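Here is how the chains run, residue by residue.
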Amino acid sequence: MMKVLVIEDDGGTAEEIVAELSELGFEVEWASNGIDGLDKARTLHPDVLIVDRMLPGMDGLTIIEALRNDQVSTPVLVLSALGAVDDRVRGLRSGGDDYLTKPFAVVELIARIEALLRRPTDSRGTTLRVGPLQLDLIVRTASRGEREIDLLPREFRLLEYMMRRSDQLLTRAMLLEEVWNYKFVPATTNLVDVHMGRLRHKVDGAGEPQLIHNVRGSGFILRAQQ
């Protein structure tokens, strides 16, 4: 039985989530404040966490950051009434795995929880690997096979984003929003293309199979060679 910890101070919202998840066979625990929530997250070892962003005692993002500092890799769904792009980005960069804006349909919350539980258990590990590429998130180093790759901070962030979404088409709008934290997409900008060109030059060395692919008119894909 999968265990879910709900950290939510609104009693009505929490009761609805607990009732629906329990009906589906989940074992559900509830904490109504941030301090109690962090304590339960550390002691109960849930399979997934649902964390409200605004909580008494300790806010939700602080809880997530504390758990990630403890090397706890449990997937986290952040709940918040704050739905602006920069709010969502901050929630994800604090260590959240998904972000759901209030008000929400419980059926969507359940679908997102099920999707988080289907992810590989090491998706929050300290090392990312795609084919010969390896990214160490702690010491901030990159390599391809035995070859070290010297990356600037923005290039590291861009490659990390792509490696977490390997084999997915990433549009320029997505990259501008998530990597550069743009609140809107400029009508004309070659910012992504310039950085991507530099990154591709570093990742795909002479004579090496291409890993970063440009899909004309659509965006980019990072794909391990077959």
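See the structure above.
Okay, so let's go over this structure. (Residues numbered from 1 in each chain as written. Predicted model: local features only at pLDDT ≥ 70, side-chain atom pairs only at ≥ 80, totals over all residues. Heavy atoms only, no water.)

1. What to know about the sheet that holds strand 10 (residues 170–171)
To be explicit about the condition: Here, strands pair whenever DSSP counts at least two bridges between them. Segments assigned H or I by DSSP are reported as helices when at least four residues long, segments assigned E as strands when at least two residues long, and all are numbered from the N terminus.
Reading across from one edge, 10-12-11 is the order of the 3 strands in this open sheet, with antiparallel pairing throughout. Only two strands of the sheet have a single neighbouring strand rather than two, namely strand 10 and strand 11 (212–215). Sheet analysis places strand 10 next to strand 12 (residues 219–222), joined by 2 bridges and oriented antiparallel. Directly across from T171, in strand 12, lies its bridge partner G219.

2. Quick look at the packing of helix 6 (residues 153–164) against helix 8 (residues 191–203)
Here is the rule: A fitted line through C-alpha atoms represents every axis, and for helices the fit uses only the stretch in contact; the resulting angles, taken between N-to-C directions, go from 0 to 180 degrees. What sets the label is the angle itself: under 35 degrees gives roughly parallel, over 145 gives roughly antiparallel, 65 to 115 gives roughly perpendicular, and the rest give oblique. Note on contacts: a residue pair is in contact if any heavy atoms of the two residues lie within 4.5 Å.
Packing of helix 6 against helix 8 brings their axes to within 10 Å, and their N-to-C directions diverge by 80 degrees. When the interaxial angle is binned, helix 6 and helix 8 end up roughly perpendicular. Of the residues in helix 8, those touching helix 6 at R154, E155, L158, L159 and M162 are H195, M196, R198, L199, K202 and V203.

3. Comments concerning helix 2 (residues 34–44)
Where we set the bar: The buried label applies to any residue whose accessible area, calculated with a 1.4 Å probe on protein chains only, is under 20% of its type's maximum; exposed applies above 50%, and partly exposed to all values in between. By definition, the arc is the one covered by directions from the helix axis to the C-beta atoms. Under the rule applied, a polar contact is a pair of N or O atoms within 3.5 Å (in protein, one hydrogen donor and one hydrogen acceptor; residues adjacent in sequence only if both atoms are side-chain atoms).
Of the positions making up helix 2, those classed as buried are G34, G37, L38, K40 and A41. Projected onto a plane normal to the axis of helix 2, the buried residues spread over an arc of 165 degrees and lie on a single side. Among the structural elements, strand 1 (3–7), strand 2 (27–31), strand 3 (48–52) and helix 3 (60–69) are those in contact with the buried residues of helix 2. Of the residues that open helix 2, the one with a side-chain oxygen 3.2 Å from the backbone nitrogen of I35 is N33.

4. Topic: the pairing of strand 6 (residues 127–130)
Burial along strand 6 is one-sided: the residues L128 and V130 are buried and none of T127 and R129 is. Sheet analysis places strand 6 next to strand 7 (residues 133–136), joined by 4 bridges and oriented antiparallel. Bridge pairing in strand 7 places T127 opposite D136. In textbook terms, the turn of a hairpin is the stretch between consecutive antiparallel strands, and for strand 6 and strand 7 this stretch comprises 2 residues, one of which, G131, has a positive phi near 55 degrees.

5. Focus: the nonpolar core
Applied cut-off: Buried Ala, Val, Leu, Ile, Met, Phe, Trp, Tyr and Cys residues that are joined via side-chain atoms within 4.5 Å together make up what is termed a nonpolar core.
If you look at the biggest cluster of nonpolar residues, it comprises 28 residues, and the most contacted ones within it are L135, L159, M162, L175, L199 and L222. In terms of residue count, helix 6 provides more of this core than any other element does, 6 residues in total. Apart from residues no more than four positions distant in its own chain, L159 is found in contact with L133, L135, L151, L199, V203 and L222. Counting 17 residues, the second-largest nonpolar core is a separate cluster that includes I17, I50, L100 and L109.

6. Comments concerning the environment of R144
Looking at where R144 falls in the secondary structure, it is placed in strand 8 (residues 141–144). Along the backbone, R144 and P132 are 12 residues apart, and their C-alpha atoms lie at a distance of 5.2 Å. Among residues more than four places away in sequence, those in contact with R144 are P132, L133, I149, V203, D204, E208, P209 and L211. Here the side chain of R144 touches D204 through a polar contact of 2.9 Å, side chain to side chain.

7. Description of the pattern of salt bridges
Quick reminder of the rule: Take a side-chain nitrogen of Lys or Arg and a carboxyl oxygen of Asp or Glu: if they are within 4 Å of each other, that pair is a salt bridge.
Inspection of every chain in the model, using the stated rule, returns 14 salt bridges. Note that K102 and E8 form a salt bridge whose closest N and O atoms lie 3.0 Å from each other. Of this pair, K102 sits in the loop between strand 5 (98–101) and helix 5 (106–118) while E8 sits in the loop between strand 1 and helix 1 (11–23), placing them 94 residues apart in sequence. A relative accessible area of 23% means that K102 is categorised as partly exposed. Linked through salt bridges whose partners overlap, the residues forming this network are R144, R147, D204 and E208.

Geometry only, nothing functional implied.
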